[in-house]
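Working through the structure, step by step
Given next are the chains, with one letter for each unit.
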Amino acid sequence: MSKNLRIINSKYIDQTSRISFKFDGKTLYGFKGDTLASALLANDIHLVGRSFKYHRPRGIMACGPEEPNAIVQVGSDASMTEPNTRATEIELYEGLEASSQNCWPSVNFDIGAVNNFFSPLIPAAFYYKTFMWPANFWKLYEYFIRKSAGLGKSPTEPDKDIYDHRYLHCDVLVVGGGISGIIAAKTAAKNNFNTLLIDDKNILGGTTLFQKNECFKINNSYSNEWLKKEIENLKSLKNLTIKTRTSLAAYHSYNYLLARENLTDHLDLNEKKDKIRQRLWKIRAKKVIIATGAMERPLIFNNNDRPGIMLSSSIKKYIDYYGVKCGQQISLFTNNDSAYETAISLSNSGVSVNSVIDIRDKSNSLIVKQAEKLGIKIHWKHTVVNTNGYKKINSIEIMKLSDDGTTVVGKKMKEGCDCLGISGGWTPRVHLFTQSGGKLKFRDNDNVFLPDKSELDQISIGSCNGDFELDEVTKNSVNLINKFLKVNNNDYENLEIISSKEIDKKNIWLLPSDKPLGKTKPFLDFQNDSTANDVKLALREGFKSIEHVKRYTTTGMATDQGKLSNMHALGIIAETAGVKMGELGTTTFRPPYTPLTFGAIVGRNVGEFFDITRKTPIHDWHAKHNAEFENVGQWKRAWYYPIGNENMHEAVQRESKAARDSAGILDASTLGKIDIQGSDASEFLNRVYTNAWSKLEIGKCRYGLMLNEDGMVYDDGVTTRISENHYLMTTTTGGAANVLGKLEDYLQTEWPELDVYLTSVTDHYATVSICGPNSKKILSKVIPDLNLSDKEFPHMSFKNALIDNIKCRVMRISFTGEHSYEINIQSSYGKSLWEKCFEAGKEFNITPYGTETMHLLRAEKGFIIAGQDTDGTMTPVDLQMDWIISKKKYDFIGKRSLYRSDTIRDDRKQLVGLLTDDPKEVLEEGAQIVLETKKQPIEMLGHVTSSYFSPNLNKSIALAVVKNGKKLKGQKMFVPMKNKTINVTITDTVFLDKENKRLNA
Amino acid sequence: MLNYNSPIMETKEYPDIKISEVEPILKINLRGKNRDFVTKVGKELSIIPPVDPNTSSSNEKLNLLWLSPDEWFLYSNNKIELKDSNFLEDSLFNEISKKKLGSVTNVSDHWVKINLSGTKIFDLLSAGCPFNFSNFKNSKGAVTQTLVNHIDVIIHNKNTNELNLFVRRSFSMHLWSWLNDSARFI
């Protein structure tokens, strides 16, 4: 039966609302307002998990995001369970289930604890040193290392919770709702700045909220009472938005910040349903005030990791805020005055304080005198040399420090206790400041890194700026805020403040023991089990950089990112290496400050909204007719239309046969379309494409190849001359936006003298393409008035037409090698036109075909697809398209590059056709092509770019790029595959209708 | 007869938010640089193209939105009769494009107009739009070209708590679906 360690003095816990929860399967009770950690402590549970490496018992150590030990698994549902959650940040709710991590079969009896006995054999970098050989054993090692790596269990099913994102803009963002943050927010809002105040806790106030002590008074009131009134006053400020339960995760350049708001994590299970769990706020702030406070440091001494050893300030919060005693016989161990605040709070709440062990010689501050007045025993100039108790501390061993603090002297004293509060001073939370690119400076007298220079419009105030005393916090914050916001804030200028002043300071990074260092376990990183000995070992082995020591020892690399361990690691390295801490620098603070759920990062971009989709106006028809869709850029394009149980191959064979034998119909609406107008439109096209455009007649179409500046093929398409100064350019589907951007860029920067205007009309037109020997007959039924004779309407020409009185443009162009027409009509009529064409083509067995058949048909004709047969390294000459390069034009994009020594090499990879010796063998796209298979290493001469089985030719065909391919026609080569080698012959790229008879039929 | 099909054809209402597709609407892209172009547009439309970035000019029938220093977006206030849809385009094309003053391009089906109204429409947009609407929402006629759920849009502040949002037709179904899903949580 666990003890109840709750006292009835807290105003922040609703002791009328009892909440039941389960921890490690056992039902326990807490109150509304509790965290999981406070509720566990109230039930006298300290042991909550096992350490990562040695499986040592570990207990709750802190009360906030810096908690390294109380990392638990929440929930057991396969889709909702969440590992590595800090018990100190989980607000208690009815139905909460949590369990310990990294232990089996239970946290009380953990088989893995055997590691602790072998700990001398597994020091820092054990893995790096041990698992290097024999090299072929790695696969075996990897299996076991992966099995033991990580803490907790990931959910195995999709997350059912809903997450959201929001953008938010403000004049001033204040991060942190402690006393300095509240002063900042109130000042900003009262001076008409649109202000946002965020705090990660459920209520504002920080640590001052429960600071009721004679040594800390403002205007004759206890500081907590004064602050409560200030918080109450915030409600009346119109320009102020307050977001509690909102943790700032990342601070990026240009004052762009990400904050996670917990919306339902604190609600009972039945209240969470259908509500957004967490929202990620994307904040753009004109000015940022960081008021994130400071973290208390632990002390580093032998066996400083036992359950029951806690940060002194956390013990104070548990007693003053949650009304929970962390023990009944508490000892405190400190190097500063903060522990005395805890001692007084405990004493005032009736909890017995054994003694305060202080490494300093003496302190005459107000707070120490108050503790002495209460009769609290103080061991000056003493240190704890050891602790005892396996699953919970039961005693400490104390010795006197030598004058220089490097050793201990005198007799060892033993003091019984069930909790030890430790305080090693304070570390300003400068994480956000450094994330934003700010540079730090080091203050020697209390060993802290502080914000220094920043390029952004931001300041840090309060204890995150190194002000630890109440009077400094208020006075300096007010001055900094006034200057930063350029205001005269009179509200806080004449505050009367009583504040205890810490005068005597002493710091020892690694406290001495009566045992040799090698026989002790002074833990630095509690979560990753790295000790001061590990850091010293790394230094002995030659590591000097803090970044290298961090990675070698894993110090600061756990889920808490070394919030409690980094400063001591730096101190020990500096001390051992004989360098100044300020010169050593810090490791990099990277976002997020505390772990974010994947849900919060992803937001609602899941399922239907995972990626943006574009649909053609004819999409619904394709879907209704059983089309399988392919992603092309963001477009959903009909890929093939299976009938019955057809697979893709069967459907494509049927579709391509039908297109060649009678008629096929394709939705080509996705092609990019750019309307070009202006008196210099022809000159513009001359500069953009490799071929000549000035003489293209009105009503005619021409294929063009567009190059990059480096002479490599960038895009292609057919452009139609609509009238004297009016063209319609088509681009590839995926290249449309980039081509428009590139051309607009050229017009604005390189050719501003040209009178040319571009407008995207990709979405304005639906394009229905009809091809095949019967395409003319079908079109004549759809547009009876249009003269389709070859003389009037030859290949590569266009006509304006009317279909049911709706304007359209008909182009006689072909990407299949068949006689074909493309009809462009306003998108709103696209589906209806498609249906009309389909109806008209029924007597000719018109067959809808998708992109796969389109690719096959064009490959039979040797037509390239930019992006499939090209890869940004192919020139037109490489593609055997020399004919498209005008020799007469003065210039075009990429011209100069076509004559560089590398682009005119004979042995460049060039586009060729490939036929397999076995006509049924279809090559894999991407397969390598070689000339010899026996001589090693095998020289790769090229690869297959497009490959299909052609039902029209009844054999396999392929396009490929091969070194010096132009000169290798008829050459036998090989395509080595996993289980066989395929014999191939290099051929011409055109497999079907070389004379273009079908095109002009 | 060919049938006219707009992509959405729906109106949805949520507490303090109403979203509806409004089509067919005439939309024309106008581009030009010189003074003659501006004069001709003013004469043809009885609206002078606005020169201040992200502003618009309107009359009873038409709105002319600034898109860039040489580009404007014209759209009609009311739905148009399909049979009359080419009239204004032809007249502008003949007077501007054919006379080499600039370009006139019909983009009626390139863009889809979605009307958003209600007191919470800016909250809805903030779910997926990085633009700062704090000044925009108090400036009738203001225009912005921004992203909503990663999709390019033009937004025109038509009235207090009333916006016209233009999205490319191919993206419109996805954006419509996203707007409705987002509206559930406002």
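Everything numeric in this text was worked out from a predicted model, so none of it was measured. (Residues numbered from 1 in each chain as written. Chains lettered and ligands numbered in written order. Predicted model: local features only at pLDDT ≥ 70, side-chain atom pairs only at ≥ 80, totals over all residues.)

**Digging into the overall build of chain B**
As a reminder of what qualifies: Starting at the N terminus, helices and strands are each numbered in turn, a helix being any DSSP run of H or I of at least four residues and a strand any DSSP run of E of at least two. Our radius of gyration is a C-alpha quantity, and the globule rule it is checked against amounts to 2.2 Å times the number of residues to the power 0.38. Any residue surrounded by 20 or more other C-beta atoms within 10 Å of its C-beta is treated as buried, while 12 or fewer makes it exposed and the intermediate range makes it partly exposed; C-beta atoms here are placed from the backbone.
The helix and strand inventory of chain B stands at 4 helices and 11 strands. In terms of overall dimensions, chain B is globule-like: its C-alpha atoms have a radius of gyration of 17 Å, near the 16 Å expected for 186 residues. On the principal axes, the C-alpha backbone points of chain B span a range of 50 × 45 × 30 Å. Evaluated residue by residue, chain B yields a buried proportion of 44% over its 186 residues.

**So, the overall build of chain A**
We count it as follows: Contacts here follow a simple rule: the backbone-placed C-beta atoms of the two residues must lie within 7 Å.
Along its length, chain A carries 24 helices and 50 strands. Buried residues in chain A amount to 51% of all 1001 residues. Put simply, of all contacts in chain A between residues at least 6 apart along the chain, 67% involve residues at least 24 apart.

**Remarks on unusual backbone geometry**
With an omega of 0°, the peptide bond running from proline 591 of chain A to proline 592 of chain A counts as cis. A cis geometry characterises the amide bond from glutamate 23 of chain B onward to proline 24 of chain B, with omega recorded as 0°. Looking at the secondary structure, you find proline 24 of chain B in the loop between strand 2 (17-21) and strand 3 (27-31). For histidine 150 of chain B, which is not a glycine, the phi torsion comes out positive at approximately 70°. Its place among the elements puts histidine 150 of chain B in the loop between strand 9 (143-148) and strand 10 (151-159).

**Quick look at the sheet that holds strand 3 of chain B**
All names here are of chain B. What counts is decided by this rule: A pair of strands is considered paired only if DSSP assigns at least 2 bridges between the two. Inter-axis angles, ranging from 0 to 180 degrees, are taken between N-to-C directions of lines fitted to C-alpha atoms, where helices are fitted over the stretch in contact.
Judged by pairing direction, the sheet is antiparallel, and its 5 strands sit side by side in the order 4-5-6-3-7 without closing on themselves. Because the sheet does not close on itself, it has two edges, and the strands there are strand 4 (56-58) and strand 7 (103-106). Looking at each pair of strands side by side, their axes are set apart by 20° on average, direction ignored. Pairing between strand 5 (residues 62-68) and strand 6 (residues 71-76): 6 bridges, direction antiparallel. In the sheet register, asparagine 63 faces strand 6, and the bridge partner there is tyrosine 75. Most of the contacts of helix 2 (residues 87-97) go to strand 7, to which it runs at about 160°, and overall it touches strand 3 and strand 7.

**Some words on the interface of chain A and chain B**
Heads up, the rule is: Gly counts as polar in this scheme, as do all residues outside two lists: the nonpolar Ala, Val, Leu, Ile, Met, Phe, Trp, Tyr, Cys and Pro, and the charged Asp, Glu, Lys and Arg.
Counting residues at the interface gives 41 residues for chain A and 38 residues for chain B. For the side of chain A that touches chain B, the secondary-structure elements that each account for two or more residues are strand 8 (162-175), strand 15 (276-290), strand 35 (672-677), strand 39 (757-760), strand 42 (806-812) and helix 23 (830-841) of chain A. At 6 residues, strand 8 of chain A tops the list of elements feeding residues into the side of chain A that touches chain B. Split by residue class, the side of chain A that touches chain B holds 12 nonpolar, 15 polar and 14 charged.

**Notes on the nonpolar core**
Put simply, the rule reads: Residues enter a nonpolar core if they are buried, belong to Ala, Val, Leu, Ile, Met, Phe, Trp, Tyr or Cys, and are joined to the set through C-beta atoms within 7 Å.
Formed by 152 residues in total, the largest nonpolar core has its most connected members in Leu40, Leu41, Leu173, Val174, Ile289 and Ala343 of chain A. Residue contacts for leucine 173 of chain A: discarding those within four places in its chain leaves Leu196, Leu257, Ile283, Ala285 and Val288 of chain A. Core analysis: the next-biggest nonpolar cluster, separate from the first, contains 148 residues, Ala659 and Ile676 of chain A together with Trp72 and Ala127 of chain B among them.

**Digging into the confidence of the model for chain B**
Under the convention used in this document: You can read pLDDT as the predictor saying how much it trusts each residue, on a scale of 0 to 100.
Residue-level pLDDT values for chain B average 95, and 98% of them are 70 or greater. Model confidence for the complex: the whole-complex pTM is 0.93, and ipTM, which rates the interface, is 0.98.

**With respect to the pairing of strand 32 (residues 628-632) of chain A**
Residues and elements named next belong to chain A. In the sheet, strand 32 pairs with strand 33 (residues 635-640) via 5 bridges, with the strands oriented antiparallel. Residue asparagine 631 lies in a different strand from strand 33, and its bridge partner there is lysine 636. Between strand 32 and strand 33, which pair antiparallel in sequence order, lie 2 residues; one of them, glycine 633, sits at a positive phi of approximately 60°.

**A short note on the packing of helix 19 (residues 648-661) of chain A against helix 24 (residues 851-860) of chain A**
All names here are of chain A. Let me state the cut-off plainly: When an angle is under 35 degrees it counts as roughly parallel; over 145 it counts as roughly antiparallel; between 65 and 115 it counts as roughly perpendicular; any other value is oblique. Helix crossings get a hand from a simple test, with the near helix turned counterclockwise from the far one by less than a right angle marking a left-handed crossing and a clockwise turn marking a right-handed one.
Close contact between helix 19 and helix 24 brings their axes to 9 Å; oriented N to C, the two are set at 55°. Taken as axis vectors, helix 19 and helix 24 run oblique relative to one another. In this structure, helix 19 meets helix 24 at a crossing whose hand is right-handed. Of the residues in helix 24, those in contact with Met648, Val652, Glu655, Ser656 and Ala659 of helix 19 are Glu852, Thr853, Leu856 and Leu857. Looking at the contact of helix 19 with helix 24 residue by residue, the class counts come to 5 nonpolar, 2 polar and 2 charged.

**Re the sheet that holds strand 8 (residues 111-117) of chain B**
All names here are of chain B. The sheet built from 6 strands is open, its strands ordered 1-2-8-11-10-9 with antiparallel pairing. A strand with exactly one partner marks an edge of an open sheet, and here the two such strands are strand 1 (11-14) and strand 9. Ignoring which end each strand starts from, the neighbouring axes of this sheet average 25° apart. With 7 bridges joining them, strand 8 and strand 11 (residues 162-168) adopt antiparallel strand pairing. Note that in strand 11 the partner of serine 117 across the bridge is glutamate 162. Sheet strands in contact with helix 4 (residues 169-183) are strand 1, strand 2, strand 8, strand 9, strand 10 and strand 11, and its direction is about 135° off that of strand 11.

**Some words on helix 6 (residues 223-234) of chain A**
Residues and elements named next belong to chain A. So the rule is basically this: In this scheme, a helix's expected span is set at 1.5 Å multiplied by one less than its residue total. What the arc measures is the spread of directions leading from the helix axis to the C-beta atoms.
Under the 1.5 Å per step criterion, the end-to-end length of helix 6 is 17 Å for 12 residues, consistent within 8% with the ideal 16 Å. Of the positions making up helix 6, those classed as buried are Ser223, Asn224 and Leu227. Angular distribution of buried residues about the axis of helix 6 spans 90°; they occupy a single face of the element. Set apart from the buried face of helix 6 by more than 90 degrees, the exposed residues are Lys229 and Glu232.

**Focus on the pairing of strand 8 of chain A**
All names here are of chain A. Where burial is concerned, most of strand 8 is hidden: 10 out of the 14 residues are buried. When strand 8 meets strand 15, the two strands line up parallel, connected through 13 bridges. Looking across to strand 15, one finds that aspartate 164 is bridged to arginine 279. Examined bridge by bridge, strand 8 and strand 9 (residues 195-198) share 4 bridges and lie parallel to one another. Looking across to strand 9, one finds that valine 172 is bridged to threonine 195.

**Description of the environment of lysine 140 of chain B**
Looking at where lysine 140 of chain B falls in the secondary structure, it is placed in the loop between helix 3 (121-125) and strand 9. Taking C-alpha positions, lysine 140 of chain B is 7.0 Å from threonine 160 of chain B, a pair spaced 20 residues apart along the chain.

**Some thoughts on helix 9 (residues 338-348) of chain A**
Residue and element names in this part refer to chain A. Counting buried residues along helix 9, 9 of its 11 residues qualify, which places the element largely inside the surrounding structure. Taken together, the buried positions of helix 9 are Ser338, Ala339, Tyr340, Glu341, Thr342, Ala343, Ile344, Ser345 and Leu346. In this structure, the buried side of helix 9 is in contact with strand 16 (294-296), helix 8 (312-320), strand 18 (329-334), strand 19 (352-358), helix 10 (366-373) and strand 24 (419-423). Positive backbone phi, at 85°, marks glycine 350, one or two positions downstream of helix 9.

**A few points about the packing of helix 22 (residues 775-782) of chain A against helix 23 of chain A**
All names here are of chain A. Put simply, helix 22 and helix 23 touch, their axes get as near as 9 Å, and they point 120° apart. The angle between helix 22 and helix 23 falls in the class oblique. The element helix 22 and its partner helix 23 pack so that their crossing is right-handed. Along the contact surface, helix 22 presents Ile778, Lys781 and Val782, while helix 23 presents Lys836, Cys837, Ala840 and Gly841.

**So, the environment of proline 120 of chain A**
Topologically, proline 120 of chain A is positioned in the loop between helix 2 (114-117) and helix 3 (126-130). Residue classification places proline 120 of chain A among the exposed positions, given that 9 C-beta atoms sit within 10 Å.

**Things to note about the environment of proline 592 of chain A**
As for its placement among the helices and strands, proline 592 of chain A is situated in the loop between helix 16 (581-584) and helix 17 (598-602). Counting along the chain gives 341 residues from proline 592 of chain A to tyrosine 251 of chain A, while the straight-line C-alpha distance between them is 8.7 Å.

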